[in-house]
Amino acid sequence: MRNFIFISPAFPGNYENFCTALKANGINVLGIGDTPYESLSNRLKNTLTEYYRVENMENYEDMFRAVAFLSFRHGKIDWLESNNEYWLEQDARLREDFHITTGLQPKDMAPIKYKSRMKAGYERANIPTARYHLVGSLKSALDFIEKVGYPVIVKPDCGVGASDTWKIKNEQDLKSFFCNLPSVPYIMEEFVPGEICSYDAIVNSKGAVLFETGNISPISIMDCVNEHNSIHFYIVDRLADDLRDCGRACIKAFHVRSRFVHLEFFRLTENHPYLGRKGQIVGLEVNMRPSGGPTPDMINFAYSTNCYQHFADMIVYDRLRHKSKSTPCFCAFAGRWKEVPYAHSHQDIVSVFREELKVAEELPEILAHGMGNYMYLAKLESRQKMEDFFQYVLETQKKEEPIQEPAPQTVQSPADTEPESGKLPAKTAAAGQRD
């Protein structure tokens, strides 16, 4: 029996599904995390052969000691994985130190962690990307902006999601940014007029795609986070041909092997003098892990499948052993903020979309920063029904008085009609946000 160490199996909460699927495929699943053992779900306790708790997952010595202990107890570790952006570099370091060759190593990190370094991969895939400048002096920034024009986007060169990402619209914004210049390296890019679309895939050890889908964010997640616009995105019922081609080209260009990945692109909503015509696919960034938050569960709802099991099949068999023959649908996410006066109450939404709703719940504060205070997931058979859902859930009142309503209660589909999906956890880290 092969040994798989899953880093942070209890967080985010839906990730225990990866562990359960691995065990179902005959893997000896071992866990390392900072969650107290007594706080683990009974399901996770029954899945893990052994769990090693560390006080601080940021402390590499503690993590090293945990892997060493589990290796001593169970023999050679064949896999070590968190499927979490926040821990990718630490995962790689642990693999190198314990001679685990089945995943990314430290030498592989820079091209997939630094946005500036990703540009070369997109170039190999023959996909255009926004022009960029590594933030240095105010003068060099002004020189760059003279070439590309306002607005420009600034964000950490190595970062997660839309956190600490800003749109600079004029010189006053630029000077304000430099007055509070962050200590970490930042990248500045020309603004790309487009909707964000993703290519999400499970890839085997030979670089072959076993499962693929994608999601679309019609409005900027950056604006949702910074301006508290209502958030919505959705899993597509089928991938557009050009997005599939670009996704597969990136799988090859970035040498993806044995991973669940989330590759992000823009689709231009207007002609651009440098990037191409309206509809052109433009590279945004690569993420060598699943899309965050509830997205894996949304994939399951949309395709009546189990992407956690697909991941486990890839690990054990290098191919899919569990497939779905159902007709894919859309799965829509709508996020609402507490302070926004919406036209329809939580009870209204549950009543009108009772058949379509899969999850309706309040999110913990730290997750809410990037996704809204309340989350609604719905499985919808047509684009029109999805648009009607977004319109109803996110419609705001004409008056300024907010609706006074109790906090939403969780709504989930029956276990015998939908694949099992974990609820979001009560707490999270930056890596748990959807991006």
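Residues numbered from 1 in each chain as written. Predicted model: local features only at pLDDT ≥ 70, side-chain atom pairs only at ≥ 80, totals over all residues. Heavy atoms only, no water.

Details of the overall build of the protein
How we decide: Per the convention used, a helix needs a DSSP run of H or I reaching at least four residues, while a strand needs a run of E reaching at least two, with both numbered from the N terminus. Any residue under 20% of the maximum accessible area for its type is buried, any over 50% is exposed, and the rest in between are partly exposed; the area is computed with a 1.4 Å probe on protein chains only. Contact criterion: two residues are considered in contact whenever any of their non-hydrogen atoms come within 4.5 Å of each other. Note on areas: Shrake-Rupley, 1.4 Å probe, and residue coverage restricted to the protein chains presented here.
Regarding its fold elements, the protein presents 15 helices and 17 strands. Looking at the protein as a whole, 56% of its 435 residues qualify as buried. Sequence-distant contacts, at least 24 apart, represent 69% of the contacts inside the protein between residues at least 6 apart. Of the roughly 19,100 Å² that the protein leaves accessible, carbon and sulfur atoms contribute 49%.

What about the pattern of salt bridges?
So the rule is basically this: What makes a salt bridge here is a side-chain nitrogen of Lys or Arg within 4 Å of a carboxyl oxygen of Asp or Glu, nothing more.
Taken as a whole and assessed by the stated rule, the structure comprises 22 salt bridges. Between Arg73 and Glu50 there is a salt bridge, with the nearest N and O atoms lying 3.2 Å from each other. On the criterion of sequence distance, the pair formed by Arg73 in helix H3 (residues 60–74) and Glu50 in strand E3 (residues 50–53) is long-range, its members being 23 residues apart. With relative accessibility at 52%, the residue Arg73 sits in the exposed group. Notably, a salt bridge pairs Glu190 with Arg131, separated by 3.0 Å at the nearest N-O pair.

Notes on the confidence of the model for the protein
Keep this limit in mind: Each residue carries a pLDDT score, the predictor's own confidence in it, on a scale running from 0 to 100.
Of the residues in the protein, 88% have a pLDDT of 70 or more, and the chain-wide mean is 90. In this model, residues 413–434 is a region of pLDDT below 50 whose contacts with residues beyond four sequence positions or in other chains number 64 contacts.

Points about the sheet that holds strand E5 (residues 132–134)
The following threshold applies: Whether two strands pair depends on DSSP finding at least two bridges between them. Interaxial angle, 0 to 180 degrees, is taken between N-to-C directions of lines fitted to C-alpha atoms, where a helix line uses only the stretch in contact.
Read from one edge of the open sheet, four strands run E5-E8-E6-E7, paired in antiparallel fashion. Each end of this open sheet is capped by a strand with a single partner; those strands are E5 and strand E7 (166–168). Neighbour-to-neighbour, the strand axes of the sheet open up by a mean angle of 25°, direction not taken into account. As paired strands, E5 and strand E8 (residues 186–190) are joined by three bridges and run antiparallel to one another. When the bridges of E8 are listed, His133 appears paired with Met188. Running over the sheet, helix H7 (residues 138–148) touches E5, strand E6 (152–156) and E8 and is turned about 20° from E8.

Some points on the packing of aromatic side chains
Rules: Here the aromatic set is Phe, Tyr and Trp, taking the six-membered ring for Trp, and pairing holds for ring centres within 6.5 Å; pairs whose planes are under 30 degrees apart are stacked, those over 60 apart are edge-to-face, and all others are tilted. For a lysine, the NZ atom is tested; for an arginine, the CZ atom; a charge sits over a ring if that atom is within 6 Å of the ring centre and within 35 degrees of the ring normal.
Applying the stated rule across the entire model yields 23 aromatic pairs. Relative to Tyr308, the ring of Phe18 has its centre 4.8 Å away and its plane inclined at 80°; by these criteria the two rings are edge-to-face. One end of the pair, Phe18, is in helix H1 (residues 16–24); the other, Tyr308, is in helix H12 (residues 307–317), and 290 residues separate them in sequence. By relative accessible area, Phe18 is classed as buried at 0%. Measuring from centroid to centroid gives 5.1 Å for Phe353 and Phe389, while their planes differ by 90°, and the two rings are edge-to-face. Of the two residues, Phe353 is situated in the loop between helix H13 (346–352) and strand E16 (357–362) and Phe389 in helix H15 (residues 383–394); the sequence distance between them amounts to 36 residues. Feature note: the residues Phe4, Phe6, Tyr15, Phe18, Trp79, Phe260, Tyr308 and Phe311 constitute an aromatic cluster, connected by ring pairs. Note that Arg93 overlies the ring of Tyr60, its terminal NZ or CZ placed 3.6 Å from the centroid.

Some words on the layout of surface pockets
Put simply, the rule is: Residues are called lining when one of their atoms sits within 4 Å of a cavity or pocket point, these points coming from a 1 Å grid over the protein atoms alone, where a cavity is a set in which a 1.4 Å probe fits but cannot get out and a pocket is an open set with protein on both sides within 12 Å along at least five of seven lines. Grid points are joined across faces, edges and corners, and a volume is the space filled by probe spheres set on the points. Side-chain classes follow a simple rule in which Ala, Val, Leu, Ile, Met, Phe, Trp, Tyr, Cys and Pro form the nonpolar group, Asp, Glu, Lys and Arg form the charged group, and the remainder, Gly included, forms the polar group.
One number sums up the size of the second largest pocket: a volume of about 300 Å³. For the second largest pocket, the lining is made up of 18 residues, of which Leu104, Asp108, Ile112, Phe254 and His255 are closest to its centre. Broken down by secondary-structure element, the contributors of at least two residues to the lining of the second largest pocket are helix H5 (110–113) and helix H6 (115–124). Residue contributions to the lining of the second largest pocket peak at four residues, all from H6. Class assignment for the residues of the lining of the second largest pocket results in eight nonpolar, five polar and five charged.

Some details on the packing of H7 against helix H8 (residues 171–179)
Quick reminder of the rule: Angle categories: roughly parallel below 35 degrees, roughly antiparallel above 145, roughly perpendicular from 65 to 115, and oblique for all the rest. We call a crossing left-handed when the near helix sits turned anticlockwise from the far one by less than a right angle, and right-handed when that turn is clockwise.
Where H7 contacts H8, the axes come no closer than 11 Å and their chain directions differ by 150°. On the basis of the axis angle, H7 is roughly antiparallel to H8. When the axes of H7 and H8 are compared, the crossing they make is right-handed. Between H7 and H8, the residues in contact are Leu138, Ala141, Leu142 and Ile145 and Glu171, Leu174, Lys175 and Phe178, respectively. Split into classes, the residues belonging to the contact of H7 with H8 amount to six nonpolar, no polar and two charged.

Some details on the pairing of E8
Summarising burial for E8: five of the five residues are buried, a large majority. Neither face of E8 is left uncovered, since the one carrying Tyr186, Met188 and Glu190 and the one carrying Ile187 and Glu189 both have all their residues buried. As defined by bridge partners, E6 adjoins E8 across five bridges and the pair is classed as antiparallel. Across the sheet, residue Val152 finds its bridge partner in E8, namely Glu190.

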